[in-house]
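An overview of the molecular structure
This is what each chain is made of:
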Amino acid sequence: MELKFYIESGIIESYVLGLASETEVEELEHMRKLFPELDTEVELAERRLERACFDEAVLPPMEIRERVLQKVRWEYAGAQADAQSNYTFINIQPKDGSYISVHRWWKIFFIILFILSKIFLFFAILYYLKYRQEKERQEQHPAAITFIHEQKANIFYI
Amino acid sequence: MRRDLTHISEQMLIERLALGDPAAKEVLYDRYAGALYGVVLQLVPIKDRANDVIVKVFAWAFQHINAFYSSGFRTLFAWLLRKTRELAIKEAIPETALTGTELMKKEEGILQQFYIILPASEQQVFRLSYFKGLSITTIARMLAMPEGQVNEILGEAMKAFRKFLKEHWN
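Residues numbered from 1 in each chain as written. Chains lettered and ligands numbered in written order. Predicted model: local features only at pLDDT ≥ 70, side-chain atom pairs only at ≥ 80, totals over all residues. Heavy atoms only, no water.

With 54 residues of chain B in contact, the opposing surface of chain A contributes 43 residues. The three residues of chain B that bury the most area against chain A are Arg 74, Arg 162 and Trp 169 of chain B, which together make up 18% of that side's buried surface. Across the chain B-chain A interface, the total number found is 21 residue pairs in polar contact (both at pLDDT 80 or more). Of all the secondary structure elements, the ones that give two or more residues to the side of chain B that touches chain A are helix 3 (22-43), helix 4 (47-64), helix 5 (76-91), helix 6 (110-116), helix 7 (120-131) and helix 9 (147-169) of chain B. A per-element tally of the side of chain B that touches chain A places helix 3 of chain B first, with 15 residues. Its residues placed into classes, the side of chain B that touches chain A shows 24 nonpolar, 14 polar and 16 charged. (Contact = heavy atoms within 4.5 Å. Buried area = accessible area lost by both parts, 1.4 Å probe. Polar contact = N/O pair within 3.5 Å; in protein donor to acceptor, adjacent residues only side chain to side chain. Helix = DSSP H or I, 4+ residues; strand = E, 2+ residues; numbered from the N terminus. Nonpolar A, V, L, I, M, F, W, Y, C, P; charged D, E, K, R; others polar.)

Structure below.
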């Protein structure tokens, strides 16, 4: 019963608003240890005040959000860089998605690929020419045979 | 990544903040800045100063999130509110030094609504205590009253405040 009286005195609200004196805060902390159910009461009081203040919310100017979060982003970027090395990495590339950065080995890879493709092209042309030459040579012999066949056919028709 | 965090519980948010997750910091701001700004505007009538309070509160919160559990508060909002009021009172300057144009105090805020229903003596003590952040000793000296009496008056005001909150936001 006494606990109820203590709660109803508004001491919790006074504590939550930050109006309670040091002695009152110490007293409340002591009471919370003795009666853990007081924690629930504290939470209820905090939630009520929270709901009240949310009904009164006023959106701060956008520039404040930027000021608060820019610091966060900088600190985060700084922490990331520190974790990797002892210098700060500044990326001045435009982050619009039209640029990529790759490892330098890719350059050598592409040069080799280019040279190899030229060699293959050279051999492809060379062997194609050789093949054509060979084919032309072959066609001269079968041409005679075809001629005989045609003559035979003509005789058959006559 | 941010979108995933928007609806996380308070508990999860605190854990993420403790890990220094920048997305969690953004969520904290988006969730509480509006409600806190409303409170600040009732205490600090100058816009630039009210803005500074918000920036300072969040910078403090990001750094001291680990102290939340030992603070005695059960909710993030109450924990932030306490610091907000502390910083706002430091930023507030005597109203006599203001010109009319700088004033943007909201007259219909919940604390003003509550304040109006109090008897005159309680109004005065509550105003000096909450809006000005003065200690009981200072208020007693200002009003030429014994400290015990000031304490009693403030106690009555807090009882009424509890009733007021329970009636409207239970």
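The next thing to look at is the side chain of Arg 32 of chain A. By secondary structure assignment, the location of Arg 32 of chain A is in helix 3 (residues 22-34). Polar contacts involving the side chain of Arg 32 of chain A include one to the side chain of Asp 39 of chain A, which spans 2.7 Å. Those residues in contact with Arg 32 of chain A that lie beyond four places of it in its chain are Tyr 15, Leu 38, Asp 39 and Val 42 of chain A together with Gly 72 and Arg 74 of chain B.

What follows concerns the UniProt feature "transmembrane region" (unreviewed entry) in chain A. The residues that UniProt annotates with the feature "transmembrane region" (unreviewed entry) are residues 108-129 of chain A. Annotated as residues 108-129 of chain A, this span is 100% helix and 0% strand, and its ends, taken at the C-alpha atoms, are 32 Å apart. (UniProt positions renumbered as here; feature names shortened; annotations may be inferred.)

Residue and element names in this part refer to chain B. Here Thr 84 lies in helix 5. A polar side-chain atom of Thr 84 sits 2.6 Å from the main-chain carbonyl oxygen of Leu 80. Non-local contacts of Thr 84, meaning those with residues more than four positions away in its chain, are made with Leu 36, Val 40, Val 53 and Val 57.

Moving on to unusual backbone geometry. Despite not being glycine, Ala 144 of chain B has its phi angle at roughly 50°, a positive value. Tracing the sequence through the fold places Ala 144 of chain B in the loop between helix 8 (136-143) and helix 9.

Turning our eyes to something else, we now look at the pattern of salt bridges. Taken as a whole, this structure holds 20 salt bridges over all chains when the rule is applied. The salt bridge partner of Arg 47 of chain A is Glu 50 of chain A, with a shortest N-O separation of 2.7 Å. Of the two residues, Arg 47 of chain A and Glu 50 of chain A are both situated in helix 4 (residues 37-55); the distance of three residues between them amounts to about one turn of the helix. Residue classification places Arg 47 of chain A among the partly exposed residues on the basis of a relative accessible area of 24%. With a relative accessible area of 11%, Glu 50 of chain A lands in the buried category. Notably, a salt bridge pairs Arg 67 of chain A with Asp 52 of chain B, separated by 2.9 Å at the nearest N-O pair. Residue Arg 67 of chain A is located in helix 5 (residues 62-84), and its partner Asp 52 of chain B is located in helix 4; the two belong to separate chains. The partly exposed category is assigned to Arg 67 of chain A, whose relative accessible area is 36%. (Salt bridge = Lys/Arg side-chain N within 4 Å of Asp/Glu carboxyl O. Buried < 20%, exposed > 50% of the residue type's maximum accessible area, 1.4 Å probe, protein only.)

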